[in-house]
Amino acid sequence: MDIEEEICSAFSTPELVLAVVEGMKQVGVVWSEAAESLLHILTLVRTTAEDSSCLALHRESVFSLVTDFLHSLCDCAMVTLESKETVLASCYCILSAVVMAPPSDDGIELIEQNSSAITFALKIVEAIRQQRRRLSRLSRRSDEHKKLTETLTARQPHSTINVSEKPANSEERVNAADKRVDGDLSASEESDVDGRARTERLAKASDNGQADDNGQADDSCQRSLSDSTESTEILREQILDFFRNVLLALPKEQMSPVYALLNSSKSSYLHQLLRLLQDGAPECISAIAAVAALRGTGLHALRDALKHVQTTKVSLPEDNKEEEKQL
């Protein structure tokens, strides 16, 4: 489906949102090209001039559909991002808009009542880390392969024929043609000249074809890596925006089910989230630290994770540093 942003922006109305919601119900809350296109439409819906969000009028329906869709992609032990980056980015773009649509308290209430959006976002943060490391390894290997190919190509002769045999050059072929006319060229000599000329042509064609194939393969690999890296970074930014919007919309220095959920999360997920916020939204780190410092909140794991992240200043968990050094 070809979607023009200008058209979607011009027709961003509550009716459009309702139509998309109904369309999602028809195609089902599982991945399909139609579902991905409908979700993309919702990412283009803008706030109206009256400062009343189109999404706010159907907030609960949109939130329910998107979280159900996320269940179909992320309700597993470990989320993989391959070919899912774009649709996941659309989902969290929509959820961010749902949270921010006035009044934002209604959006936060939905998040607190249904924590699956945060649970899945934590899994995605970890998946992004794994994806970025994988793409980094592939990029290094691709660069090494390209350099090796260029080195070998520079060292190899341009022909695979036997160097002890002189190829049939243009002058030799002309002389052979004259001998054919005069009848002085024997069958064995004719075969030898033709064979060497044919071998030379085939060798050159093979070398040129191999170089072209290697070049095309390298270019294709680089394009694929570039596309995957770009999609992963877009998803990372959407997840960061989602957490920033949620955390900054929470009441300041007050306990919330969101903090309790973070506190009970897997430590590696929590560490990766805090590092993401530390890099892109340090104001959220301050907000979390203020609540974690309150007495009676019981956010011990969250306090420990904050201390760990603020002291280590690394982009990978401690148990992965040696592995990363070896790559």
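See above for the structure.
Please read these numbers as outputs of a predicted model, since none were measured by experiment. (Residues numbered from 1 in each chain as written. Predicted model: local features only at pLDDT ≥ 70, side-chain atom pairs only at ≥ 80, totals over all residues. Heavy atoms only, no water.)

Just give me the short version of the packing of helix α5 (residues 59–74) against helix α7 (residues 104–113), but keep the residues and values in it.
What describes two packed helices is the angle between their axes and the distance between those same axes. Contact geometry for α5 and α7: axes closest at 11 Å, N-to-C directions at 35°. Crossing handedness for the pair α5 and α7: right-handed. Of the residues in α7, those touching α5 at Arg59, Glu60 and Phe63 are Asp106, Gly107, Leu110 and Ile111. Split into classes, the residues belonging to the contact of α5 with α7 amount to 3 nonpolar, 1 polar and 3 charged. (Axes fitted to C-alpha atoms, helices over the stretch in contact; angles between N-to-C directions. Helix = DSSP H or I, 4+ residues; strand = E, 2+ residues; numbered from the N terminus. Left-handed = near helix turned anticlockwise from the far one by under 90°. Contact = heavy atoms within 4.5 Å. Nonpolar A, V, L, I, M, F, W, Y, C, P; charged D, E, K, R; others polar.)

Account for the environment of Leu276, naming residues and giving values.
Relative to the helices and strands, Leu276 resides in helix α12 (residues 267–280). Judged by its relative accessible area of 7%, Leu276 falls in the buried class. With sequence-adjacent residues up to four places away left out, Leu276 is seen in contact with Val125, Arg236, Ile239, Leu240 and Ala281. (Buried < 20%, exposed > 50% of the residue type's maximum accessible area, 1.4 Å probe, protein only.)

Could you give an account of unusual backbone geometry, naming the residues involved and the relevant values?
Cis geometry marks the peptide bond from Pro102 to Pro103, where omega comes out at -5°. Here Pro103 lies in the loop between α6 (85–100) and α7. For Ser83, which is not a glycine, the phi torsion comes out positive at approximately 70°. In this structure, Ser83 sits in the loop between α5 and α6. At Glu253, a residue that is not glycine, the phi angle is positive and equals roughly 55°. Within the fold, Glu253 resides in the loop between α10 (187–249) and α11 (257–263).

Tell me about the pattern of salt bridges, residues and numbers included.
One pass over the full model with this rule turns up 6 salt bridges. In this structure, the salt-bridge partner of Arg129 is Glu126, at a minimum N-O distance of 2.8 Å. Of the two residues, Arg129 and Glu126 both sit in helix α8 (residues 116–155), 3 residues apart, roughly one turn of that helix. Both residues of the pair, Arg129 and Glu126, count as buried. Here Glu283 ties to Arg244 by a salt bridge, and the two come within 3.6 Å at their closest N and O atoms. Within this pair, whereas Glu283 is found in helix α13 (residues 282–292), its partner Arg244 is found in helix α10, the two being separated by 39 residues in sequence. (Salt bridge = Lys/Arg side-chain N within 4 Å of Asp/Glu carboxyl O.)

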